[in-house]
Amino acid sequence: MFISRMNALLISITALFPLAAHSFSSPAQATIDIKPVTCMVPEIGQPCTMTIKVIWQTNEPQDVCLRQGMTKLSCWYNQQQIETQMQITLENSMTFTLVNTSGETLASQQIEVNASNHHAYRRKLKSDWSLF
Amino acid sequence: MLRKFAFLALFFCVQTFAQCNSQDAECVPVGEWQLSVAVGAGVLTNPLHGGKHIPLVIIPYVSYYGDKLFLENTTAGFTLVDKPTWNVSTVLQLNSEQAYFERWHPNNILVGNMQASFINGEIAADSNQRSIDISEVSKRKWAIDGGILVNWYINGSSQLSTEFLHDVTNVYKGSLASFRYTKVFSLNQVQDSILKLGFGASWKSQQLTDYYYGIDERDTENAMLYYRASSGWSQNISLAYMKKLTSNWQLKVNIKREFLPTAITDSPLVKTHHVDTLFFGVKYVY
């Protein structure tokens, strides 16, 4: 009696397992590699334009898009791995993200903007002359 | 009180200053002296009897901004906190009231000396006939004010600034406060040009107005001219236009009118109710 109940329980668990495993699976694993990782400008605040090499791959073919901040740069359909080049323009350091059709982030990478002539700037606090 | 102030200063000092865009005309590089000179035609009117208008022909500008310390013409300051949308600084600056009393032209003459009665800021109906020339009164001294400057950047084009200052040189032994709103307009029709409109109000304590505009026995033996000024509010409106001509040269136009408080205009020393500033010229930035 006890053995038959245990068998029934095991059968139930075995039957439910594939469903449970599917329900709690994480989003497809992905990697992204963007080079170069830094864009140099003469002074902070100036826009930086450069050509980047993007390599990404996922563990299964799917529809994905590459975003620069919230701006969509490029999309691919039913792809598992891509190696491409594209031109970007940055004013500040930004994060590039690979997202799926649900908007989930699969992978991301930060591209820094650095100044070769690194001057710090601050806001003027007074008008030129009080008489003006 | 001093301990509280020291604590607040220490608290604010650990804050870092906000980064600024080098392309913005309101941003300056840290650790560099900025020198420029404006050349043109202009005038700062003098509201005092016997006071000559002050010509504005060559106007030098000098400024230096360190991490915390700064110098901007006649103002020196120390920034306690500098955030992207607001900042607080302690400042020391020259009080400009004395400028009207400088005897630019020593041959000033007494404008009038009619008799009337007055007391404690109130003046009789025939006050316009009673006046005294600045050459007839005792010398006023320059003063340096110290206090707090707060700027609030409402958005990319609007700014609110306020100052609370006290005479630290013990010359007039009083205080003043000012509030100023400025709005910057970018003119799409004219490249590299901005128009800045400003409205302001300032309060001057009784000690300040009375030291500079009051009349007593130190000035004249004629007791009929004695005047004790009260505190008062003035208002001002200004318009500035700047256009970049080359990397070094700018076209510069400034117009400003300050409406003086009755505490000042009622003084026998004062002949006009407002002070105007006009300037038209070019500015060279080194």
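In this report, we go over the structure that sits alongside the text. Everything numeric here is computed off the predicted structure, so don't read it as measured data. (Residues numbered from 1 in each chain as written. Chains lettered and ligands numbered in written order. Predicted model: local features only at pLDDT ≥ 70, side-chain atom pairs only at ≥ 80, totals over all residues. Heavy atoms only, no water.)

## Topic: the overall build of chain A
Here is the rule we go by: Numbering of helices and strands runs from the N terminus, with a helix taken as a DSSP run of H or I at least four residues long and a strand as a DSSP run of E at least two residues long. The contact definition used throughout considers only heavy atoms, calling two residues in contact when any of these lie within 4.5 Å. Each accessible area value is a Shrake-Rupley result obtained with a 1.4 Å probe; residue values ignore everything except the protein chains displayed when judging cover.
Looking only at helices and strands, one finds one helix and seven strands in chain A. Shown N-terminal to C-terminal, the secondary structure of chain A runs as helices and strands in the order α-β-β-β-β-β-β-β. The long-range share in chain A, meaning contacts at least 24 apart out of those at least 6 apart in sequence, stands at 56%. Only carbon and sulfur atoms are counted for the fraction: they give 54% of the accessible area of chain A, which is about 8400 Å².

## Looking at the state of the cysteines
Residues and elements named next belong to chain A. The cut-off we apply is this: The disulfide definition used here is simple: a pair of cysteine sulfur atoms within 2.5 Å. Throughout this description, buried means an accessible area under 20% of the type-specific maximum (1.4 Å probe, protein chains only), exposed means over 50%, and partly exposed covers the range between.
In this structure the tally under the stated criterion is two disulfides over all chains. Each sulfur of the disulfide joining C65 and C75 lies 1.9 Å from the other. In this structure, the disulfide formed by C65 and C75 twists by about 105° around the S-S bond and is classed as right-handed. Placement of C65 in strand 3 (residues 48–68) and of C75 in strand 4 (residues 71–90) is noted, with a sequence separation of ten residues between them. Look at C75 and you get partly exposed, because its relative accessible area is 26%. Taken in N- to C-terminal order, the disulfide-linked cysteines of chain A are connected 1-2, 3-4.

## Overview of the environment of T265(B)
Residues and elements named next belong to chain B. Mapped onto the elements, T265 comes out in helix 3 (residues 262–265). For the pair formed by T265 and A229, sequence separation is 36 residues and the distance between their alpha carbons is 9.6 Å. Non-local contacts of T265, meaning those with residues more than four positions away in its chain, are made with L260, V270, T272 and H273.

## Focus on the pattern of salt bridges
Note the following rule: Any Lys or Arg side-chain nitrogen found within 4 Å of a carboxyl oxygen on Asp or Glu counts as a salt bridge.
This structure, assessed with the given rule, holds eleven salt bridges over all chains. Between E163(B) and K126(A) there is a salt bridge; the shortest N-O distance is 3.0 Å. Of this pair, E163(B) sits in strand 11 (residues 158–167) while K126(A) is found in the segment after strand 7 (121–123), placing the two residues in two different chains. Taking the relative accessible area as the measure of exposure, K126(A) reaches 14% and is therefore buried. One salt-bridge network, in which partners are shared between bridges, spans R140(B), D216(B), R218(B) and D219(B).

## Observations concerning the interface of chain A and chain B
This is how the line gets drawn: Two parts lose some accessible area (1.4 Å probe) when they are put together, and adding that loss for both gives the buried area. The term polar contact refers here to a pair of N or O atoms within 3.5 Å; inside protein, the definition further demands a hydrogen-donor-capable atom paired with an acceptor-capable atom, and it admits residues adjacent in sequence only when both atoms are side-chain atoms. The nonpolar class holds Ala, Val, Leu, Ile, Met, Phe, Trp, Tyr, Cys and Pro. Asp, Glu, Lys and Arg form the charged class, and all remaining residues, Gly among them, are polar. We call two strands paired when DSSP finds no fewer than two bridges between them.
With 18 residues of chain A at the interface, the matching set in chain B holds 46 residues. In total, about 2800 Å² of surface goes out of reach between chain A and chain B, with carbon and sulfur atoms giving 54% of it. At the junction of chain A with chain B, the criterion picks out two salt bridges. For the pair chain A and chain B, the number of links is ten residue pairs in polar contact (both at pLDDT 80 or more). When grouped by side-chain class, the residues that make up the side of chain A that touches chain B number seven nonpolar, five polar and six charged. Relative to strand 1 (residues 27–29) of chain B, strand 7 of chain A runs antiparallel, the two sharing three bridges. Each residue of the ladder has a partner; that of R123(A), found in strand 1 of chain B, is C27(B).

## As for the nonpolar core
Cut-off, in case you're wondering: Each nonpolar core is a collection of buried residues, namely Ala, Val, Leu, Ile, Met, Phe, Trp, Tyr and Cys, held together in the definition by side-chain atoms within 4.5 Å.
Counting 40 residues, the largest nonpolar core has L48(B), F101(B), Y212(B), Y213(B) and L269(B) as its most contacted members. Tallying contributions element by element places helix 2 (residues 206–213) of chain B first for this core, with four residues. When residues no more than four places from it in sequence are discounted, the contact partners of Y213(B) are L48(B), E97(B), Y100(B), F101(B), Y227(B), I264(B), S267(B), L269(B) and V270(B). Counting 24 residues, the second largest nonpolar core, distinct from the first, contains C48(A), I82(A), F96(A) and A115(A).

## Some remarks on helix 2 of chain B
All names here are of chain B. The following threshold applies: Working definition: the arc comes from the directions between the helix axis and the C-beta atoms, pointing outward to the latter.
Within the sequence span of helix 2, burial applies to L208, T209, Y211, Y212 and Y213. Down the axis of helix 2, the smallest arc covering the buried residues is 165°, so these residues share one side. Those residues of helix 2 hidden inside the fold are in contact with strand 12 (175–186), strand 13 (193–204) and helix 3.

## Section: a nonpolar patch on the surface
What counts is decided by this rule: Surface patches are drawn from residues lacking salt bridges whose relative accessible area is over 30%; two like charges belong together within 9 Å, two nonpolar side chains (Val, Leu, Ile, Met, Phe, Trp, Tyr) within 5 Å.
Among the surface-exposed residues, W86(B), W152(B), I154(B), L160(B), Y181(B), F199(B), I237(B) and F259(B) lie close enough to one another that they form a single nonpolar patch of about 690 Å² accessible area. The residue F259(B) is located in strand 15 (residues 249–259) in this model.

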